[in-house]
Amino acid sequence: MNLDIKNIIAKLEPIVKNAKRYTVFVFILAVVGTYGFLVFRINTLASQEPDEDAVTERLKTVQRPRIDEDALSKIEKLEDQNIQLKTLFQDARDNPFVE
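Residues numbered from 1 in each chain as written. Predicted model: local features only at pLDDT ≥ 70, side-chain atom pairs only at ≥ 80, totals over all residues. Heavy atoms only, no water.

Caption draft 1: Layout of the overall build of the protein. Within the protein, the regular secondary structure consists of 5 helices and 0 strands. Along the chain direction, N to C, the helices and strands of the protein fall in the order α-α-α-α-α. Computed over its C-alpha atoms, the radius of gyration of the protein comes to 36 Å, more than 25% above the 13 Å expected for a compact globule of 99 residues. Principal axes of the C-alpha set define a box for the protein whose edges measure 105 × 35 × 20 Å. Looking at the protein as shown, the accessible area adds up to about 10200 Å², and 62% of this sits on carbon and sulfur atoms. Side chains of the protein carry 14 positive and 16 negative charges; the gap between the two charge centres is 18 Å. (Helix = DSSP H or I, 4+ residues; strand = E, 2+ residues; numbered from the N terminus. Rg over C-alpha atoms; globule rule 2.2 N^0.38 Å. Areas by Shrake-Rupley, 256 points an atom, 1.4 Å probe, with all protein chains shown as cover. Lys, Arg positive; Asp, Glu negative; His and termini not counted. Charge placed at Lys NZ, Arg CZ, Asp CG, Glu CD.)

Printed below as a string of structure tokens:
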């Protein structure tokens, strides 16, 4: 078998001509395939749940807010002394979204 570059190019020329007809189709197929893969991968990652060990590890690092008892007693004392403040606090408790 003689491997001459001219022979190889001559044999590949009809294949290249036929392939040029389908370049747009192959390009669109590649774009749609890539888009489908990305949608599938995003869906897989979005529905993934963390395992229990990771959740408990994260919960250990969360610091719970603490309420200062002195400040709480002061606020309650002020609320008891001032009637307008008492109604303000009561209104805020009843409907916290009113301005």
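Caption draft 2: Main features of helix α1 (residues 5-21). For α1, with 17 residues, the first-to-last C-alpha span of 25 Å sits near the 24 Å given by 1.5 Å per residue. Most pronounced at E13, the bend in α1 amounts to some 30°, and the proline P14 follows within four residues. (Expected span 1.5 Å × (residues − 1). Bend = angle between axes of the 7 residues up to and from the residue.)

Caption draft 3: A look at the environment of D51. By secondary structure assignment, the location of D51 is in the loop between α2 (23-46) and α3 (52-61). By relative accessible area, which is 45% here, D51 ends up partly exposed. (Buried < 20%, exposed > 50% of the residue type's maximum accessible area, 1.4 Å probe, protein only.)

Caption draft 4: Structural detail: the environment of E13. Relative to the helices and strands, E13 is located in helix α1. Taking the C-alpha atoms as reference points, E13 and T23, 10 residues apart in sequence, are found 15 Å from one another.

Caption draft 5: Structural detail: a negative patch on the surface. A cluster of like negative charges, contributed by D68, E69, D70, E76 and D80, occupies part of the molecular surface. One can find E76 in helix α4 (residues 69-81). (Patch = residues over 30% accessible without salt bridge, like charges linked within 9 Å, V, L, I, M, F, W, Y side chains within 5 Å. Salt bridge = Lys/Arg side-chain N within 4 Å of Asp/Glu carboxyl O.)

Caption draft 6: View of the confidence of the model for the protein. Taken as a whole, the protein shows an average pLDDT of 85; of its residues, 91% reach a score of 70 or greater. Ranking the elements of the protein by mean pLDDT puts helix α5 (residues 83-94) last, at 72, and α2 first, at 96. (pLDDT = per-residue confidence, 0-100.)

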